Amino acid sequence: MKNSIAELVKHIESAYDVKNITVRKFNKTFEVYPWIKAKLFHKLILGKESLASKSTKSLLSQFKSLFYGTWNLFIRKYEVWAFTTSVERIKIEGKYRDKLFDSISGLTKGKVLVIEFQFFKKYSLRKVASRYVSSKALFLLSEEIYSRLFLRKVKIENLDLIRAIETDINCSVNIEAILKKNIAQYRMMKFWLKVLPKPKYVFLTVAYNHYGYIRAFKECGIPVVEFQHGVISENHQAYNYKVALNPIQFPDIISVFGQNEYTYLKNHSNIPVQKVSIIGRSVIDYYYERAVDNEELKTLCVALQDGPIGKKTIAFLLKFNAMSEKKYRIILVPRRTTEENYKSEFQFPINFNFTNANIYETISICDSNITAYSTVAVEALSLGKRSYLINLDNKAKEVFNSSLGMNPYVHFVDKPEELIALLRKHSKNTKKREISLSNDLNIKSNYKKNCIEMLTGLDSINPKT
């Protein structure tokens, strides 16, 4: 890309009247630019659309998940519905915990229902830490049926503006599918809120995948809180707004990891939320206490990312490994791409090991962390470990330079030789407390206290504004 995401967002939202890209439905006006923006930039960055395939296999997978705790939706009233994905679960003390919402269950006054999208992973009900959990399949399948029966054609006003934007940035997406998804979300959630016991609050991750839900909840007077799941910066299109839009389909509160995200959202983005709260991360507090102070740099944790960037990372590390004479033990932590997939494409030396342990546990026992531009780069610092960022296609600097560029324990590398030189320089590790304190602006400590303060202020939120 010739321009950064931030530059493209500024250009688009200055050059085009994006507020007038709308759909009229149910006697309401929907601003659809945010729906399309999220998918358009996703494809621009990764080369493919982010909407899950509507194949027979994927629909069958959701049907099989339909009976996963779904009764919990009907048999009791909850203070909170928390929308998440099974990818957020990590194994801690024998149970698979949701990193964002299981820790909240003990802090709220009432019960929390974790509503989980299970497309990539599925864990037995007996093995999850969530006391009350349900698959998201009931909602997803009802939306699919509604979309096919009642949304055969959706008319968009000022379609020419979207086409001009697509031409401008040389990227296009399936507009009709995006419109149908969000309209079906809205219509069916309005229906389910009449059938099911309504929650007092809704928590979710990835708000830009839930615009239809958010509007439905807010029209019913239910405050919505988004919990940060990854990077929030000017180069994440879903949080960078230069134009003021209607807040009806955006969360009321965004709870973020640290001061840097707070400052960005409050001072540099027009994203229409009422409040930004800094709460930190419960999983970071947990693993910091267990992280070891390594005395010598021997073992490197590598947080892999899916798609081409993960394979480029491995290619870089294999070259580095040969040049460093296999001096370090390298532990690879994959995300959704399997170990078998990587091994079918690469020959790994004996000092490369894959692990099934979660990323935080792995970082806590290693000496340093390496990644391309995963959020783990930030999290590793709060666990007391240096972060080495492989600057593939300049993405590491684009994503992290503003927030991590001045941190003395963060190192951007373009070549294997640079990584070798830095590891030699840092062969004696710095104490974990010193590194962790350097990252306080990115991840605030004392999650429990911070979260309770955020929860206490929920009743003052007016979701209809």
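Before reading on, note that the structure itself is shown above.
Conventions used here
- Residues numbered from 1 in each chain as written.
- Predicted model: local features only at pLDDT ≥ 70, side-chain atom pairs only at ≥ 80, totals over all residues.
- Heavy atoms only, no water.
- Helix = DSSP H or I, 4+ residues; strand = E, 2+ residues; numbered from the N terminus.
- Buried < 20%, exposed > 50% of the residue type's maximum accessible area, 1.4 Å probe, protein only.
- Polar contact = N/O pair within 3.5 Å; in protein donor to acceptor, adjacent residues only side chain to side chain.
- Contact = heavy atoms within 4.5 Å.
- Pairing = 2+ DSSP bridges.
- Axes fitted to C-alpha atoms, helices over the stretch in contact; angles between N-to-C directions.
- Core = buried A, V, L, I, M, F, W, Y, C linked by side-chain atoms within 4.5 Å.
- Parallel < 35°, antiparallel > 145°, perpendicular 65-115°, else oblique.
- Left-handed = near helix turned anticlockwise from the far one by under 90°.
- Salt bridge = Lys/Arg side-chain N within 4 Å of Asp/Glu carboxyl O.
- Right-handed = clockwise from strand over helix to strand, strands pointing away.

The subject of this paragraph is the side chain of Asn-369. For Asn-369, the location among the structural elements is in strand β15 (residues 368-371). Residue Asn-369 is classed as buried on the basis of its relative accessible area of 0%. Within the structure, the side chain of Asn-369 is placed 3.4 Å from the side chain of Ser-387, a separation counted as a polar contact. With residues near it in sequence (within four places) discarded, Asn-369 still touches Cys-301, Ala-303, Ile-363, Val-376, Ala-377, Ala-380, Arg-386, Ser-387 and Tyr-388.

What follows covers the sheet that holds strand β17 (residues 410-413). The 6 strands lie next to each other as β14-β13-β12-β15-β16-β17, forming an open sheet whose pairing is parallel. Among the strands making up the open sheet, the edge pair consists of β14 (352-354) and β17. Mean inter-strand twist for the sheet, computed between neighbouring axes without regard to direction, equals 25°. Where strand β13 (residues 329-333) and β14 come together, 3 bridges link them in parallel fashion. Bridging across to β14, Leu-332 finds its partner in Phe-354. Strand contacts of helix α16 (residues 416-425): β12 (299-303), β15, β16 (386-390) and β17, with the helix running at about 155° to β17, the strand carrying the most contacts.

It is worth spelling out the nonpolar core at this point. Ranked by internal contacts, the top residues of the largest apolar core, which has 77 residues, are Trp-81, Phe-83, Phe-139, Met-189 and Phe-217. Residue contributions to this core peak at 10 residues, all from helix α7 (residues 175-195). Apart from residues lying up to four places away in sequence, Met-189 is in contact with Trp-81, Phe-83, Phe-139, Tyr-213, Ala-216 and Phe-217. Core analysis: the next-biggest nonpolar cluster, separate from the first, contains 61 residues, Val-231, Ala-303, Ile-330 and Phe-354 among them.

Right, let's get into the packing of helix α2 (residues 33-46) against α7. Between two packed helices, what matters for the description is the angle formed by their axes and the separation of those axes. Contact geometry for α2 and α7: axes closest at 10 Å, N-to-C directions at 125°. Here α2 is positioned oblique relative to α7, judged by the angle of their axes. For the element pair α2 and α7, the recorded crossing hand is right-handed. Between α2, through Trp-35, Ile-36 and Lys-39, and α7, the contact on the second element is made entirely by Ile-175, Ile-178, Leu-179, Lys-181, Asn-182 and Ile-183.

Bringing the sheet that holds strand β7 (residues 133-135) into the picture now. Working definition: the strands of a sheet are paired by backbone hydrogen bonds and lie parallel or antiparallel to each other. Across the sheet, which stays open at both edges, the 7 strands sit in the order β7-β6-β3-β8-β9-β10-β11 with parallel pairing between neighbours. Strands at the two margins of the open sheet, each flanked by one partner only, are β7 and β11 (275-278). Sheet twist, expressed as the mean angle between neighbouring strand axes with direction ignored, is 20°. Along the sheet face, helix α9 (residues 259-267) touches β10 (253-256) and β11 and points at about 170° away from the line of β11.

Quick look at the pattern of salt bridges now. Under the defined criterion, the tally for this structure stands at 20 salt bridges. For Glu-13, the salt bridge identified is with Lys-37, shortest N-O distance 2.8 Å. Remark: Lys-37 occurs in helix α2 and Glu-13 occurs in helix α1 (residues 5-15); sequence separation between them is 24 residues. Just as Glu-13 is buried, Lys-37 falls in that class too. Glu-379 is paired through a salt bridge with Arg-281; the nearest N and O atoms lie 2.0 Å apart. Of the two residues, Glu-379 sits in helix α14 (residues 376-382) while Arg-281 sits in the loop between β11 and α10 (282-288), which places them 98 residues apart along the sequence. Connected through salt bridges with shared partners, the residues Lys-28, Lys-190, Arg-215 and Glu-219 form a single ionic network.

With that settled, the discussion passes to the environment of Tyr-373. In this structure, Tyr-373 sits in the loop between β15 and α14. When its relative accessible area of 17% is taken as the criterion, Tyr-373 is described as buried. A C-alpha to C-alpha distance of 6.7 Å links Tyr-373 and Lys-395, two positions 22 residues apart in sequence.

Side chains on a regular strand alternate between the two faces of the sheet. A two-sided burial pattern is seen for strand β8 (residues 201-204), the buried positions comprising Tyr-201 and Phe-203 on one face and Val-202 and Leu-204 on the other. For β8 and strand β9 (residues 224-227), the ladder comprises 3 bridges, and the chain directions are parallel. Within β9, the residue paired with Val-202 across the bridge is Val-224. In the classification by handedness, the crossover that spans β8, the intervening helix α8 (residues 211-219) and the parallel β9 is right-handed.

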